[in-house]
Amino acid sequence: MTQIILENVEKRFAKLTVLHDINLNIEDGQFCVFLGPSGCGKSTLLRMIAGIEETTEGALTIGGEIMNDVPPAERRVAMVFQNYALYPHMSVYENMAFGLKQAKTPKADIERRVNEAARMLQIEPLLDRRPKQLSGGQRQRVAIGRAIVRQPAVFLFDEPLSNLDAALRVHMRSEIANLHNDYPEASMIYVTHDQTEAMALADKIVLLRAGPDVTKKGALPRLARPRTLPPSCKPVCCRLSRLPFNEFPEGDVGKRRCGRSGYQA
Amino acid sequence: MRKKQGFKVSRVAIPVLGLFWLAVTTLPFIFVAFMSLKTQQETFIKPFWALPESFNLSNYIEVLEGSFLIYLRNSLFVISTSVVIIMLFSSMAAYALARLKFKFSDSLFALIIAGMIVPLHVTLVPVYLMTRSMGLYDTPAGLIGPYVAISLPISVFILTEFMRQVPKELEEAAKLDGCGPFKVYWKIFLPLSGPGLSTVAIYNGIMLWNEFVFAYVLTSSTDRRTLPLAVWDFQGQYASNVPAIMAVVTLSALPLIIVYAIGQEKIVNGMMAGSLKG
Ligand SMILES: Nc1ncnc2c1ncn2[C@@H]1O[C@H](COP(=O)(O)OP(=O)(O)O)[C@@H](O)[C@H]1O
Ligand SMILES: [Mg+2]
């Protein structure tokens, strides 16, 4: 019960339309990647699903329940931020336990879950440290740990690897893939502008692009439409990795290269 | 910051200026402290700047046997209560102004900051009348209201700037963890504003510890007054007993000096943090 459905979702900041006509279906336990150039609205879409950003129009459903007006903490989602957003004044343990404490989880339960997550992520020796005393990779693990302990229906990652060095990035990427295997029932949404990362992780890639009027006026990216490539669409994906991804002529992708109209506009 | 050209000059000038400033601030205090150790006769006979003849604490004993401790108790009560309330109110206001965007929040911020422009003494008469009509005249508690009020603008200003620096993602993470606006303030912004809060506490604590005019106008009896009035009252009591007055001055400053000696590092850090970000 972790299916995510977006229907005609639109996002405006005051008069600026950032996203519109978003129709998207992310199945139970699917690993979905939002791919697109910087500024095209990937983070905004993710934050709308998390409930940090309001949805201007349209309906957002998680696990069959309309979530538009449900507060973030009650959506059964957990998010890993690009800059980790660990609470600097709390120890690693407290960081991971914080959400559970707010939810009034019994103390023994909290302890068990945090320790379990720490063991899984191999951060047990770090539980007493402050985020400042950790390396980038360790912080990343703590951020993931903080998500795991909440046992969410949906994991949200916003460019989680972009602050890591290249070697570590590849390593953490495989750990995130493992996480997906360990929690097969949870859906995952992963934002990136790195095609390789998208290829390596995704069951499904949602391509977002900056709207046409950007290039014309040189203004901020205004429009973005997601296009879903079905997983069977491997040739396209391979092609994709070598092409600048916002230059597909509209409507071409699915038909020509995949041989069927397997995308949702 | 330093220009290459002025480098040599500044290498000399900065320490010299520093020493000069040290002299300006500490010499009067050293003078006061020495004076307080002299006997009354000494002050008449010996030159003004002469060192005290002996380490003579009789002035202190005399002062401490008087009502000094009552003034001290009142000061401690009024200042500590005021500072706690100031920290609480200004941090709540700062969080709201920095993060909860609501209608007119920017105008409200401007209005609060404009409070810094109002000359303090203009408010003296209305505050006096209000205090009387509220039945708080001549009580230490009556000082707390005005003290909090005069300290809020600068405190809100410092803390708002401080809280604007807290990354947005921390707030969002807290929301995902189930915190409402108040919890976000209490669990995230308040603890993270530590240096800003200590700046506010120190700045206002020192200012209020030395505050005279409001204390003078809003209280009248000895057992209700704060330390700055001790000197004033002792002046009447001891007439020309200058060393005794100096002992009062030294004793009044002592708590601040002790606090500084203990928390020196924190205080400097707090002020630096405030000055860099504010
Ligand atoms: N709070 C906001 N107010 C106004 N515009 C915003 C806000 N947040 C994001 N935007 C705009 O929305 C667009 C998409 O931003 P974002 O989702 O962060 O892009 P991405 O994550 O794909 O790089 C950008 O043009 C950005 O300027
Ligand atoms: Mg982004």
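Model, not experiment: these values are computed from the prediction. (Residues numbered from 1 in each chain as written. Chains lettered and ligands numbered in written order. Predicted model: local features only at pLDDT ≥ 70, side-chain atom pairs only at ≥ 80, totals over all residues. Heavy atoms only, no water.)

Undergrad: Please give an account of the overall build of chain A that cites residues and values.
TA: Looking only at helices and strands, one finds nine helices and 10 strands in chain A. When each of the 265 residues of chain A is scored for burial, the buried share is 54%. The contacts in chain A between residues at least 6 apart in sequence include a share of 68% that link residues at least 24 apart. Element-wise, carbon and sulfur atoms account for 48% of the exposed surface of chain A, whose accessible area totals about 12,000 Å². (Helix = DSSP H or I, 4+ residues; strand = E, 2+ residues; numbered from the N terminus. Buried < 20%, exposed > 50% of the residue type's maximum accessible area, 1.4 Å probe, protein only. Contact = heavy atoms within 4.5 Å. Areas by Shrake-Rupley, 256 points an atom, 1.4 Å probe, with all protein chains shown as cover.)

Undergrad: Give me the packing of aromatic side chains: which residues, what numbers.
TA: By the definition in use, this model includes 12 aromatic pairs over all chains. Judged by centre distance (5.8 Å) and plane angle (45°), the rings of Phe31(A) and Tyr190(A) are tilted. With Phe31(A) in strand β3 (residues 31-35) and Tyr190(A) in strand β8 (residues 187-192), this residue pair connects regions lying 159 residues apart in the sequence. Ring geometry for Phe182(B) against Tyr185(B): centres 5.7 Å apart, planes inclined by 55°, an arrangement best described as tilted. With Phe182(B) and Tyr185(B) both in helix α9 (residues 181-192) and three residues apart, this pair spans about one turn of that helix. (Phe/Tyr/Trp six-rings, centres within 6.5 Å; stacked < 30°, edge-to-face > 60°.)

Undergrad: Tell me what's going on with the side chain of Ser151(B), and back it up with residues and numbers.
TA: The topology assignment puts Ser151(B) in helix α7 (residues 141-164). Each residue touching Ser151(B), except ones within four places of it in the same chain, is listed here: Ile86(B), Asn204(B), Met207(B) and Leu208(B).

Undergrad: Tell me about helix α5 (residues 105-114) of chain B, and name the residues and values.
TA: Residues and elements named next belong to chain B. Those residues of α5 that sit buried are Ser105, Phe109 and Ile113. Buried residues in α5, looked at end-on, bunch into an arc of 80°, giving them a common side. Residues of α5 that are buried make contact with α4 (68-99) and α7. (Arc of directions from axis to C-beta.)

Undergrad: Can you explain the interface of chain A and chain B? Please cite residues and give values.
TA: On the side of chain B, 16 residues touch chain A, which itself brings 20 residues to the contact. For the chain A and chain B pair, buried surface summed over both sides reaches about 1,600 Å², with 65% attributable to carbon and sulfur atoms. Looking only at chain A, the three residues that lose the most surface to chain B are Tyr87(A), His89(A) and Gln102(A), adding up to 31% of its buried area. At the junction of chain A with chain B, the criterion picks out two salt bridges. Seen at the junction of chain A and chain B, the total is eight residue pairs in polar contact (both at pLDDT 80 or more). Among the secondary structure elements, those contributing two or more residues to the side of chain A that touches chain B are α1 (42-50), β6 (77-80) and α2 (92-102) of chain A. The residue inventory of the side of chain A that touches chain B, partitioned by class, reads 13 nonpolar, four polar and three charged. (Buried area = accessible area lost by both parts, 1.4 Å probe. Salt bridge = Lys/Arg side-chain N within 4 Å of Asp/Glu carboxyl O. Polar contact = N/O pair within 3.5 Å; in protein donor to acceptor, adjacent residues only side chain to side chain. Nonpolar A, V, L, I, M, F, W, Y, C, P; charged D, E, K, R; others polar.)

Undergrad: Summarise a nonpolar patch on the surface; cite the residues concerned and give the values.
TA: Residues and elements named next belong to chain B. There is a patch of nonpolar side chains on the surface, built from Leu88, Phe89, Met92, Phe182 and Trp186 and spanning about 500 Å² of accessible area. For the nonpolar patch, the elements supplying multiple residues, two or more each, are α4 and α9. Here the nonpolar patch gets three residues from one element, more than from any other, and that element is α4. You can see tryptophan 186 is positioned in helix α9. Relative accessible area serves as the criterion here: at 43%, tryptophan 186 is assigned to the partly exposed category. (Patch = residues over 30% accessible without salt bridge, like charges linked within 9 Å, V, L, I, M, F, W, Y side chains within 5 Å.)

Undergrad: Give a detailed account of the site of ligand 1, specifying residues and quantitative values.
TA: Residue and element names in this part refer to chain A. Taken together, the neighbourhood of ligand 1 is formed by 11 residues, with Gly39, Gly41, Lys42, Ser43 and Thr44 sitting nearest. Contact distances for ligand 1 include 2.9 Å between an oxygen atom and a backbone N or O atom of lysine 42. Contact between ligand 1 and threonine 44: an oxygen atom at 2.5 Å from a side-chain N or O atom of the residue. For ligand 1, the protein covers 65% of the area, taking 560 Å² as the surface of the free molecule. The leading source of residues in the shell around ligand 1 is α1, at three residues. Tallied by class, residues from the shell around ligand 1 come to five nonpolar, five polar and one charged. (Near = heavy atom within 4 Å.)

Undergrad: Can you explain unusual backbone geometry? Please cite residues and give values.
TA: Residues and elements named next belong to chain A. Positive phi values are uncommon outside glycine, yet lysine 104 reaches one of about 60°. Among the structural elements, lysine 104 can be located in the loop between α2 and α3 (107-121). In the Ramachandran plot, glutamate 159 falls in the positive-phi region, its phi being about 40° despite a non-glycine side chain. Within the secondary structure layout, glutamate 159 lies in the loop between β7 (154-158) and α5 (166-182). On the accessibility criterion, glutamate 159 (10% relative accessible area) is buried.

Undergrad: I'd like to hear about the domain arrangement of chain A, residue by residue, with values.
TA: Residue and element names in this part refer to chain A. The assigned domain composition of chain A is domain 1 (4-76 + 158-163 + 181-264) and domain 2 (80-151). Taken together, the contact pairs 10 residues of domain 1 with nine residues of domain 2. For the domain 1 and domain 2 pair, buried surface summed over both sides reaches about 780 Å², with 45% attributable to carbon and sulfur atoms. Counting the surface domain 1 buries against domain 2, the share from its top three residues, Pro160, Asn163 and Tyr183, is 51%. Across the side of domain 1 that touches domain 2, the residue classes break down as five nonpolar, two polar and three charged. (Domains from an automatic or database assignment.)

Undergrad: Run through a positive patch on the surface, naming residues and quoting values.
TA: Taken together, the side chains of Lys101(A), Lys104(A), Lys107(A), Lys183(B) and Lys187(B) define a basic patch exposed on the protein surface. With respect to the helices and strands, Lys107(A) occurs in helix α3. Exposure remark for Lys107(A): the relative accessible area of 68% places this residue in the exposed category. (Lys, Arg positive; Asp, Glu negative; His and termini not counted. Charge placed at Lys NZ, Arg CZ, Asp CG, Glu CD.)

Undergrad: Hey, could you go over the nonpolar core for me, with residue numbers and the actual values?
TA: Generally speaking, nonpolar side chains in soluble globular proteins are found buried as a group. Within the largest apolar cluster, 85 residues are counted, with the highest numbers of intra-cluster contacts made by Leu6(A), Phe34(A), Leu156(A), Ile189(A) and Ile188(B). Counting residues per element, this core draws most heavily on α4(B), which supplies 10 residues. Two domains each provide a minimum of three residues to this core, namely domain 1 (4-76 + 158-163 + 181-264) and domain 2 (80-151) of chain A. Among residues more than four places away in sequence, those in contact with Leu6(A) are Ile22(A), Asn23(A), Leu24(A), Leu45(A), Ile49(A), Ala59(A) and Leu60(A). The next biggest cluster of nonpolar side chains, apart from the first, holds 42 residues, and it includes Val149(A), Met188(A), Tyr190(A) and Ala198(A). (Core = buried A, V, L, I, M, F, W, Y, C linked by side-chain atoms within 4.5 Å.)

Undergrad: Tell me about the pairing of strand β2 (residues 16-26) of chain A, residues and numbers included.
TA: All names here are of chain A. Relative to β2, strand β1 (residues 4-13) is paired through seven bridges, and the arrangement is antiparallel. Counted as the bridge partner of isoleucine 5 is asparagine 25 from β2. Where β1 folds back onto β2 in an antiparallel hairpin, the turn is made up of two residues, including alanine 14, whose phi is positive at roughly 50°. (Pairing = 2+ DSSP bridges.)

Undergrad: Can you break down the pattern of salt bridges residue by residue, with the values?
TA: Residues and elements named next belong to chain A. By the definition in use, this model includes 13 salt bridges over all chains. Residues glutamate 53 and arginine 47 are paired through a salt bridge, measuring 2.7 Å at the closest nitrogen-oxygen approach. Arginine 47 matches glutamate 53 in its accessibility class, with the two residues each being buried. Across the salt bridge formed by glutamate 116 and arginine 112, the nearest N and O atoms sit 3.7 Å from each other. Taken together, the positions of glutamate 116 and arginine 112, both in helix α3 and four residues apart, correspond to about one turn of that helix. Residue glutamate 116 is classed as partly exposed on the basis of its relative accessible area of 42%. Taking the relative accessible area as the measure of exposure, arginine 112 reaches 44% and is therefore partly exposed. Residues joined by salt bridges that share partners form a network here, namely Glu10, Arg12 and Glu57.

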